[in-house]
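Analysis of the macromolecular model
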Amino acid sequence: MDVLSSVLSHFSVNANVFFTGNMCGTSDFSDNQGVGHLHLLRSGTLKVRSNSGFEVVLSTPSVIFFPHSTGHCLLSDNGDGADLVCAQISYQSGGHSPLLQAMPFCLNYELAGDGLLAQSAFWIFEEAFKDINGKDLIIERLCDVFLISVLRKVLKEGAIKSGMMAGLSHPQLAKVLIKIHQAPDQSWSLNTMAEACGMSRSKFADTFKRVIDQTPADYLTDWRLSVAKKLILKNQNMDLVANQVGYENGSALARVFRKKTGQAPKEWLLSQQ
């Protein structure tokens, strides 16, 4: 399994398209709790301004992606407007996805070239601005492909310098991260993790902390608890959840869960409802 699939197999992301067409004036996205936003500009000029003061003007085919719940607004010329496709981005486990936590505030790319990013954007625009049967379903599926191509570009460029995404971009650390993601139930030690990378114990520990900004043990615990939260949200039996993420029983998982979150699993589950 590749590095990105090792995360998406546990914590998928989905695009829900809510607007395709020409936008004139201002659209506000301040009340967007729990979702991200993806905006694809086909033509026109678009100013994007976040509530925190970030501002960018797009005048060529581009994508701007806010992975987190970020208040922002779009402003276009009242004359010609801007041709847009806009989608809400939801995460399978809500705000508990390590992928979401590893993403930056905003990503912005021009849609140029022959790569998958440009190709999938072209396919989206072809569907969005024509009156064709089934286009809504096709657009949403194409947006899922587009979103994965954005994540692939982030990894390829290595633009994120610390955290999980930086680790997934690292040629040696990625090897052990894939294995941890695939099998959080295994008995991982510093030695077994270092061996998976082909590194000495000390070099592995130093490199991991420098690149990911966590110790290997802390990362392993956080990943296990993230997977556990996903399973708890599905109301799975605690002992079964514990076995799937590397703990002997539900009581052992609950101790670690309370230490990390300040809540027992049942208390945490009630707080999510």
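This one's a predicted model, so the numbers in the text were calculated from it and none came from an experiment.

A separate point is the overall build of the protein. Summing up its helical and strand segments, the protein has 12 helices and nine strands in all. Seen along its three principal axes, the alpha-carbon backbone of the protein occupies a region of about 65 × 40 × 40 Å. In the protein, which comprises 273 residues, the proportion classed as buried is 49%. At a minimum sequence separation of 6, the contacts of the protein that also span at least 24 residues come to 70%. Within the protein, the 25 negative side-chain charges are centred at a point lying 9 Å from the centre of the 25 positive side-chain charges.

Let us now look at the nonpolar core. The nonpolar side chains of a soluble globular protein tend to be buried, and buried together. Core analysis: the largest hydrophobic core is formed by 75 residues, its most contacted members being Leu40, Phe65, Phe146, Met165 and Phe204. Take this core: its biggest share by element is nine residues, from helix α4 (residues 135-157). With residues up to four places along the chain from it excluded, the contact list for Met165 reads Leu99, Ala102, Met103, Leu151, Val154, Leu155 and Ile160. Counting 14 residues, the second largest nonpolar core, distinct from the first, contains Met23, Leu74, Ala82 and Cys86.

Within helix α6 (residues 173-182), seven of the 10 residues are buried, which leaves it mostly tucked inside the rest of the structure. Here α6 has its buried residues at Leu173, Ala174, Val176, Leu177, Ile178, Ile180 and His181.

The next subject is the packing of helix α9 (residues 216-233) against helix α11 (residues 250-261). In the contact formed by α9 and α11, the axes pass within 11 Å of each other and the chain directions differ by 105°. Comparing their axes, α11 and α9 come out roughly perpendicular. Packed against α9, whose contacting residues are Asp218, Thr221, Asp222, Leu225, Ala228, Lys229 and Ile232, the element α11 presents Leu253, Val256, Phe257, Lys260 and Thr261 at the interface. Here the residues of the contact of α9 with α11 are counted per class, giving six nonpolar, two polar and four charged.

Here we take up the sheet that holds strand β9 (residues 107-110). Judged by pairing direction, the sheet is antiparallel, and its five strands sit side by side in the order β1-β8-β3-β6-β9 without closing on themselves. The open sheet has two edge strands with one neighbour each: β1 (13-23) and β9. Going across the sheet, the axis of each strand differs from the next one's by a mean of 15°, ignoring polarity. For strand β6 (residues 62-66) and β9, the ladder comprises four bridges, and the chain directions are antiparallel. Of the residues in β9, the one forming a bridge with Ser62 is Glu110.

Turning our eyes to something else, we now look at the sheet that holds strand β4 (residues 46-50). Judged by pairing direction, the sheet is antiparallel, and its four strands sit side by side in the order β2-β7-β4-β5 without closing on themselves. If you trace the sheet from one side to the other, it starts and ends with β2 (25-29) and β5 (55-58), each paired once. For this sheet, the mean angle separating the axes of adjacent strands, direction not counted, is 15°. Sheet topology note: the β2/strand β7 (residues 72-76) ladder contains five bridges and is antiparallel. Each bridged residue has a counterpart across the sheet, and for Phe29 the counterpart in β7 is His72.

Counted according to the given criterion, the structure contains seven aromatic pairs. When the ring of Phe66 is compared with that of Phe105, the centres are 5.7 Å apart and the planes differ by 70°; the resulting orientation is edge-to-face. Taken together, the residues Phe66 in strand β6 and Phe105 in the loop between α2 (98-102) and β9 connect sequence positions 39 residues apart. With a relative accessible area of 0%, Phe66 lands in the buried category.

Here the focus is helix α3 (residues 116-128). Over its 13 residues, α3 extends 18 Å from the first C-alpha to the last, a length consistent with the 18 Å expected when each residue adds 1.5 Å. When we look at burial in α3, the residues that qualify are Leu117, Ala118, Ser120, Ala121, Ile124, Phe125, Glu127 and Ala128. Buried residues in α3 make contact with β1, β3 (36-44), β8 (82-91), β9 and α4.

With respect to the helices and strands, Arg224 occurs in helix α9. Although Arg224 lies buried, it forms no salt bridge, and the closest oppositely charged side chain, Asp185, sits 7.4 Å away as judged by the N-O distance. Those residues in contact with Arg224 that sit more than four places away from it in its chain are Pro184, Gln186, Trp188, Val245, Gly246 and Tyr247.

Here we take up the environment of Val3. By the secondary structure assignment, Val3 is in helix α1 (residues 3-8). Counting along the chain gives 175 residues from Val3 to Ile178, while the straight-line C-alpha distance between them is 5.7 Å. With residues up to four places along the chain from it excluded, the contact list for Val3 reads Leu155, Leu168, Ala174 and Ile178.

This part is about the environment of His181. Structurally, His181 is set in helix α6. Along the backbone, His181 and Ser6 are 175 residues apart, and their C-alpha atoms lie at a distance of 5.8 Å. Residues in contact with His181, not counting those within four places in the same chain, are Ser6, Val7, His10, Met164, Leu168, Tyr219 and Trp223. Within the structure, the side chain of His181 is placed 3.0 Å from the side chain of Ser6, a separation counted as a polar contact.

Reading the values: rules and limits
Residues numbered from 1 in each chain as written. Predicted model: local features only at pLDDT ≥ 70, side-chain atom pairs only at ≥ 80, totals over all residues. Heavy atoms only, no water. Helix = DSSP H or I, 4+ residues; strand = E, 2+ residues; numbered from the N terminus. Buried < 20%, exposed > 50% of the residue type's maximum accessible area, 1.4 Å probe, protein only. Contact = heavy atoms within 4.5 Å. Lys, Arg positive; Asp, Glu negative; His and termini not counted. Charge placed at Lys NZ, Arg CZ, Asp CG, Glu CD. Core = buried A, V, L, I, M, F, W, Y, C linked by side-chain atoms within 4.5 Å. Axes fitted to C-alpha atoms, helices over the stretch in contact; angles between N-to-C directions. Parallel < 35°, antiparallel > 145°, perpendicular 65-115°, else oblique. Nonpolar A, V, L, I, M, F, W, Y, C, P; charged D, E, K, R; others polar. Pairing = 2+ DSSP bridges. Phe/Tyr/Trp six-rings, centres within 6.5 Å; stacked < 30°, edge-to-face > 60°. Expected span 1.5 Å × (residues − 1). Salt bridge = Lys/Arg side-chain N within 4 Å of Asp/Glu carboxyl O. Polar contact = N/O pair within 3.5 Å; in protein donor to acceptor, adjacent residues only side chain to side chain.

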